[in-house]
Amino acid sequence: MTQTATVEADLDDIAAKRSRFLGQMRRVPGAVAVIATGFEGDRTGLVATAWNSLSADPPMLLACVNRKASAYSLVQRSRAFSVNLLATGHSETVAIFSAQRGLEGAARFVDSDWITGPLGQPMLRKAIASFECTLEATHDYGTHTILIGQVGDMRSENDAEAMLYLDGCFASAVRQL
């Protein structure tokens, strides 16, 4: 096999592994949240499933954000962000924050749906749970940065079912087995 053929075969293997990995990850249910941030009058956010608790002592969350996302640079400047767990009824919020409505930045925030937390971060008024975080650390890996945030303000104003993402669709969880 020539060196060119070997490189092409390696690239095919990488592409196949990536495709298989993405297919496998679609099978893993993820809680859908809006990661939002604000700084000096600018606000933006994105829909994410790559977030979770990190520690209870002290209360910490982590969220994974693509460095090409508009929210990434604003989180870096503000040194804070919020994580807002969506309910099954928040499909329009998903559409807005995943660029399906053509809105960007502050235009994504319907003022009546959002409040400003003590750190100045947007918090979804009717989220199942909202966490306002101070950015404590970051870790770059691949295309993403892991944001590690210390939780400050927390709010909960919605007892609805949490929105999940599973097999390329939005779903809800069964509360008990």
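Throughout this document, residue positions are counted from 1 along each chain, in the order its sequence is written. Reporting in this predicted model follows two pLDDT cut-offs: at least 70 for local features of residues, and 80 or more for side-chain atom pairs to be given and counted; totals over whole chains, interfaces and linings ignore these cut-offs and use all residues. Heavy atoms throughout the structure, all of them, feed into the side-chain values; hydrogens and water do not.

(A) Focus on the packing of aromatic side chains. For Phe, Tyr and Trp, rings pair up if their centres lie within 6.5 Å, where Trp contributes its six-membered ring, and each pair is then called stacked (planes under 30 degrees apart), edge-to-face (over 60) or tilted (otherwise). Across all of its chains, the model carries four aromatic pairs by this definition. Arranged with centres 5.1 Å apart and planes meeting at 85°, the rings of F97 and F109 form a pair that is edge-to-face. Here F97, found in helix α3 (residues 91-97), pairs with F109, found in the loop between α3 and β7 (114-116); they are twelve residues apart in sequence, far enough to count as distant. Taken individually, F97 and F109 each receive the classification buried, so the pair is uniform in this respect. Plain terms: the ring middles of F109 and W114 are 4.8 Å apart, the flat faces sit at 70° to each other, and that makes the pair edge-to-face. Each residue's exposure class comes from its accessible area (1.4 Å probe, protein chains only) as a fraction of the maximum for that residue type: buried when under 20%, exposed when over 50%, partly exposed otherwise. Residue classification places F109 among the buried positions, given a relative accessible area of 5%. The class of W114 is buried, set by a relative accessible area of 6%. Members of the aromatic cluster, joined through ring pairs, are F97, F109 and W114. Secondary structure elements are defined from DSSP: runs of H or I of at least 4 residues count as helices, runs of E of at least 2 residues count as strands, and each element is numbered from the N terminus.

(B) Spotlight on the sheet that holds strand β6 (residues 80-85). We treat two strands as partners when DSSP finds at least two bridges between them. With antiparallel pairing, the seven strands of this open sheet are ordered in space as β3-β2-β6-β9-β10-β5-β4. The open sheet has two edge strands with one neighbour each: β3 (42-48) and β4 (51-56). Strand-to-strand, the axes of this sheet are offset by a mean angle of 30°, without reference to chain direction. With five bridges connecting them, β4 and strand β5 (residues 59-66) associate as antiparallel partners. With axes taken as lines fitted to C-alpha atoms, and helix axes fitted only over the stretch in contact, angles between N-to-C directions fall between 0 and 180 degrees.

(C) Up close: unusual backbone geometry. Cis geometry marks the peptide bond from D57 to P58; its omega dihedral reads 0°. Position of P58 relative to the elements: it lies in the loop between β4 and β5. Look at E40: it is not a glycine, yet its phi comes out positive at around 50°. Relative to the assigned elements, E40 resides in the loop between β2 (33-39) and β3.

(D) Structural view of the pairing of strand β12 (residues 169-172). As judged from the four bridges shared by strand β11 (residues 163-166) and β12, these two strands associate in the antiparallel manner. If you follow M163 over to β12, its bridge partner there is S172. The antiparallel hairpin formed by β11 and β12 contains two residues in its connecting segment, where D167 sits at a positive phi of about 55°.

(E) Here's a closer look at a nonpolar patch on the surface. On the surface, a cluster of nonpolar side chains totalling about 370 Å² of accessible area is made up of F21, L22, M25 and V28. Tracing the chain through its elements places M25 in helix α1 (residues 3-26). Only residues whose relative accessible area exceeds 30% and that form no salt bridge enter a patch; like-charged residues are grouped when within 9 Å of one another, and nonpolar side chains (Val, Leu, Ile, Met, Phe, Trp, Tyr) when within 5 Å. For accessible areas, the Shrake-Rupley method is used with a probe of radius 1.4 Å. Any residue's cover is judged against the shown protein chains and nothing else. Here, a salt bridge means any Lys or Arg side-chain nitrogen found within 4 Å of an Asp or Glu carboxyl oxygen.

(F) How the structure looks around the pattern of salt bridges. In the structure shown here, the tally under the stated rule is four salt bridges. With its nearest N and O atoms 3.0 Å apart, the salt bridge here joins D111 to R43. Taken together, the positions of D111 in the loop between α3 and β7 and R43 in strand β3 put the pair 68 residues apart, joining distant regions of the chain. Linking R101 and E92 is a salt bridge whose minimum nitrogen-to-oxygen distance equals 2.9 Å. The exposure class assigned to E92 is partly exposed, which follows from its relative accessible area of 39%.

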